[in-house]
Amino acid sequence: FLKMKSLPLSANEVLKAKVSFCSVVSSLAVVLSAIILVALTDLSLIDGIICAVIGCVFSLAQILIATRMDLNHANLTLSNIEIEKESSKTIAKVVFIGLIVSLISGVSSIVITILSLGSNIDFIANLKLSSSLIYIIPVVICALYILFGYIYYKKNMEKRYINLVA
């Protein structure tokens with residue numbers, strides 16, 4: 001952060017560039033994974049696109065959270081080894097949060113689908129409902145996650161950045 005802070009740019013510009021770069025790299029990996037899934041499995045093109053979009057949005061949420069955590073714990077007086085340790089802690093926290101959110105999304109989709117198939121509603125209508133829920137639940141959870149990530153990232157971001165000292 002110290003080198004970036006010395007540039008004649010606002011906090012928003014510097015952090016947006018950092019988030020944008022990370023997002024491009026992660027989105028390429030997500031899209032490539034979706035292409036491989038569609039090519040090598042029986043996943044439909046529409047499902048592959050949905051997976052790619054959800055993956056990219058989820059990845060952006062992770063990047064926003066990680067960037068903010070880095071900003072919260074930035075210590076410009078640390079040695080390179082200490083910086084690597086701090087970075088590893090942030091990565092571990094963000095990965096753990098991502099795994100929990102993914103588990104909630106997956107498990108809730110499965111449980112609600114099973115519950116909807118087991119109810120006494122007309123089977124055909126129920127089948128349509130359960131297949132819709134498989135898409136709706138991850139999209140809603142992903143939307144809530146990106147909203148949380150964005151709010152967390154933006155809250156007092158400019159002030160935190162300005163107050164970084166060496």
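Residues numbered from 1 in each chain as written. Predicted model: local features only at pLDDT ≥ 70, side-chain atom pairs only at ≥ 80, totals over all residues. Heavy atoms only, no water.

Peer 1: When you look at the nonpolar core in this model, what are you seeing that I'm missing?
Peer 2: Across soluble globular proteins, you tend to see nonpolar side chains buried next to one another. Counting residues in hydrophobic clusters, the biggest one holds 23 residues, and the most contacted among them are Leu-15, Tyr-145, Tyr-153, Met-157 and Tyr-161. Elements with a minimum of two residues in this core: α2 (11–40), α3 (45–72), α4 (80–117), α5 (123–154) and α6 (157–162). If one sorts the elements of this core by residue count, α3 sits on top with eight residues. (Core = buried A, V, L, I, M, F, W, Y, C linked by side-chain atoms within 4.5 Å. Buried < 20%, exposed > 50% of the residue type's maximum accessible area, 1.4 Å probe, protein only. Helix = DSSP H or I, 4+ residues; strand = E, 2+ residues; numbered from the N terminus.)

Peer 1: I would appreciate a short explanation of the side chain of Ser-26 in the present structure.
Peer 2: Mapped onto the elements, Ser-26 comes out in helix α2. Not counting chain neighbours up to four residues away, the residues in contact with Ser-26 comprise Ser-59 and Ile-63. (Contact = heavy atoms within 4.5 Å.)

Peer 1: I would appreciate a short explanation of the packing of aromatic side chains in the present structure.
Peer 2: Aromatic ring pairs are reported here in terms of the distance separating the ring centres and the angle at which the planes meet. Considering all chains together, one arrives at two aromatic pairs under this definition. Plain terms: the ring middles of Phe-148 and Tyr-152 are 5.9 Å apart, the flat faces sit at 5 degrees to each other, and that makes the pair stacked. Placement of both Phe-148 and Tyr-152 in helix α5 is noted, with a separation of four residues, approximately one turn of the helix. Judged by relative accessible area, which is 45%, Phe-148 ranks as partly exposed. Against the face of Tyr-152 rests Arg-68, its NZ or CZ located 5.8 Å from the ring centre. (Phe/Tyr/Trp six-rings, centres within 6.5 Å; stacked < 30°, edge-to-face > 60°. Lys NZ or Arg CZ within 6 Å of the ring centre and 35° of its normal.)

So yeah, pure geometry; function would need other evidence.
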